[in-house]
Amino acid sequence: MLSKTKINTLSNLNARSISSLKVVWRKDQALDRALEHDKRYKQCARVVKEVLNEPGQVIPLRYLEKRRQRMRLKLKAETFLNQNPGLFDVYYDRVKPKTQPVRFIRATDRLRQFLQEEQRILKENEPFVVSKLCKLLMMSKNKVVSADKLLHVKREFGFPNDFLVDLVPRYPQYFRLTGFPGEGKSFLELVNWNPEFAKSVIEQRAEEESERLGIRVRPSFNVELPRGFVLKKEMREWVRDWMELDYVSPYEDVSHLDQASREMEKRSVGVFHELLSLSLHKRIPVPILGKFCDEYRFSNAFSSTFTRHSGIFYLSLKGGIETAVLREAYKGDELIDRDPLLRIKDKFIELLEEGWRQRAEQLRLKQEKIKEDMMLMATKVGE
């Protein structure tokens with residue numbers, strides 16, 4: 001039996017404000033490296049988007065140069081083109097009928113082939129995209145989310161650029177769009193609740209484990225503290241008791257729960273886990289999550305959840321931006337829980353790498369030619 005002192009200690013812990021429980025942040029170099037892997041890919045994707053959004057999908061090279069700051073492009077535009085062959089062709093045209101021809105850029109045939117492949121992959125995975133969008137609405141407080149906010153996170157979840165005007169109208173059984181996206185007062189509402197979608201990754205995993213073992217397995221989080229990470233005794237006891245609480249599905253109605261309760265903390269962790277699981281790279285910048293505080297009932301100090309539960313999440317500070325990362329989705333710095341829509345990224349990287357190999361070969365041949373010329377000149381001098 002527990003002593004009276006022990007019982008009082010646990011009661012005090014349970015009564016304490018969750019926000020007062022502090023955990024020291026610890027750097028995870030492997031997960032920080034994972035964020036670095038996509039740096040060059042993202043830069044190339046931003047430039048491609050900039051060009052493809054232009055009328056006729058062409059742009060004068062000098063105009064692209066002027067937009068470097070907006071694209072966060074540190075290199076000169078011309079240097080970027082030289083380092084990433086295969087993306088754009090350079091040609092001459094006039095900005096106005098009577099002006100001198102200047103250099104323009106347009107998508108190469110290889111880039112256009114990739115864009116066709118991207119559409120094919122999106123079409124093939126459309127039911128999966130629809131389920132993702134339904135899940136985002138089903139977790140929200142009133143089953144409705146700002147359309148403009150959803151536009152802001154489309155890349156995080158792999159939604160097509162035109163999903164609100166193309167995909168949404170084709171599924172009236174699930175979605176109702178009100179207002180006009182981009183004007184600040186547009187909302188996407190869930191029309192019908194699909195119980196097949198109302199099952200979190202945690203719950204699906206427990207069901208699969210139950211079938212495999214033949215016994216009921218409780219839904220629970222995978223918790224693995226990083227090497228060398230030690231929780232203080234007080235926090236260890238709080239986490240132990242918190243883990244013993246029943247799992248609260250992110251699709252469950254929690255309007256009756258106190259915002260400061262441990263049960264609400266359990267639910268919030270479940271929502272964060274599900275959102276990160278639905279994202280392409282199993283990570284989302286904290287400022288983006290912060291835009292959904294009202295829809296998902298996050299507290300104002302929600303970012304401390306990621307350090308408080310360091311065995312489930314990692315809070316990266318790479319690049320000066322806080323990014324919430326789902327630990328279980330990674331092995332070292334490699335993403336092991338891969339979203340089907342990542343095939344689009346894989347195809348784009350193949351295109352980039354083909355261009356990089358082409359450039360490396362051209363540089364090699366150029367250096368060999370220089371070396372041959374120098375040897376020839378040395379031979380002539382020797383004569």
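Refer to the structure printed above.
Residues numbered from 1 in each chain as written. Predicted model: local features only at pLDDT ≥ 70, side-chain atom pairs only at ≥ 80, totals over all residues. Heavy atoms only, no water.

Asker: Hey, could you go over the nonpolar core for me, with residue numbers and the actual values?
Answerer: By size, the foremost hydrophobic cluster in this structure holds 96 residues, and its most contacted members are Leu-87, Phe-88, Phe-175 and Phe-348. When residues of this core are assigned to their parent elements, the largest contribution, 7 residues, is made by helix 8 (residues 126–138). Built from parts of two domains, this core gets at least three residues from each of domain 1 (126–195) and domain 2 (200–328). Apart from the residues lying within four places of it in its own chain, the contact partners of Phe-175 are Val-130, Leu-133, Cys-134, Leu-137, Val-168, Leu-188, Glu-189 and Val-191. (Core = buried A, V, L, I, M, F, W, Y, C linked by side-chain atoms within 4.5 Å. Buried < 20%, exposed > 50% of the residue type's maximum accessible area, 1.4 Å probe, protein only. Helix = DSSP H or I, 4+ residues; strand = E, 2+ residues; numbered from the N terminus. Domains from an automatic or database assignment. Contact = heavy atoms within 4.5 Å.)

Asker: Break down the sheet that holds strand 3 (residues 102–107) for me, with residues and values.
Answerer: Within a sheet, adjacent strands bond to each other through the backbone by hydrogen bonds, running parallel or antiparallel. Spatially, 3 strands are ordered 1-3-2 in an open sheet, and the strand pairing comes out antiparallel. Across the chains shown, the open sheet's two edge strands, defined by having one partner strand only, are strand 1 (58–60) and strand 2 (88–93). The mean angle between the axes of side-by-side strands here comes to 30°, regardless of whether they run parallel or antiparallel. In this sheet, strand 3 lies alongside strand 1 in antiparallel orientation, the contact comprising 3 bridges. Within the sheet, the bridge partner assigned to Ile-59 lies in strand 3 and is Ile-105. Across the sheet, helix 3 (residues 39–52) lies against strand 1, strand 2 and strand 3, angled at about 35° from strand 2, the strand it touches most. (Pairing = 2+ DSSP bridges. Axes fitted to C-alpha atoms, helices over the stretch in contact; angles between N-to-C directions.)

Asker: I'd like to hear about the layout of surface pockets, residue by residue, with values.
Answerer: Put simply, the second largest pocket is a space of about 440 Å³. As for the second largest pocket, its lining consists of 17 residues, of which Asp-28, Glu-224, Leu-225, Pro-226 and Arg-327 are closest to the centre. Within the residue set of the lining of the second largest pocket, elements represented by two or more residues are helix 2 (29–37) and strand 10 (330–331). Looking at side-chain class alone, the lining of the second largest pocket contains 6 nonpolar, 3 polar and 8 charged residues. (1 Å grid on protein atoms, 1.4 Å probe; cavity = no way out; pocket = protein on both sides within 12 Å on 5 of 7 lines; lining within 4 Å. Points joined across faces, edges and corners; volume = space filled by probe spheres on them. Nonpolar A, V, L, I, M, F, W, Y, C, P; charged D, E, K, R; others polar.)

Asker: Tell me about the packing of aromatic side chains, and name the residues and values.
Answerer: Using the criterion set out here, one finds 19 aromatic pairs in the structure. Arranged with centres 6.5 Å apart and planes meeting at 85°, the rings of Phe-302 and Phe-306 form a pair that is edge-to-face. Look at Phe-306 and you get buried, because its relative accessible area is 1%. Within the aromatic cluster, the residues linked to one another by ring pairs are Phe-272, Phe-292, Tyr-296, Phe-298, Phe-302, Phe-306 and Phe-313. The ring of Tyr-41 has Lys-345 lying over it, and the distance from NZ or CZ to the ring centre is 5.3 Å. (Phe/Tyr/Trp six-rings, centres within 6.5 Å; stacked < 30°, edge-to-face > 60°. Lys NZ or Arg CZ within 6 Å of the ring centre and 35° of its normal.)

Asker: Talk me through the sheet that holds strand 8 (residues 313–316); I want residue IDs and the actual numbers.
Answerer: Sheet architecture is open: 3 strands sit in the order 7-9-8, paired in antiparallel fashion. Two strands close off the open sheet at either side, each with one partner strand: strand 7 (283–285) and strand 8. Direction aside, neighbouring strands of the sheet carry axes that sit 20° apart on average. Relative to strand 9 (residues 323–326), strand 7 runs antiparallel, the two being bridged by 3 bridges. Looking at the pairing, Arg-283 lines up with Val-325 of strand 9. Packed on one face of the sheet, helix 2 meets strand 7, strand 8 and strand 9 and runs near 65° to strand 8.

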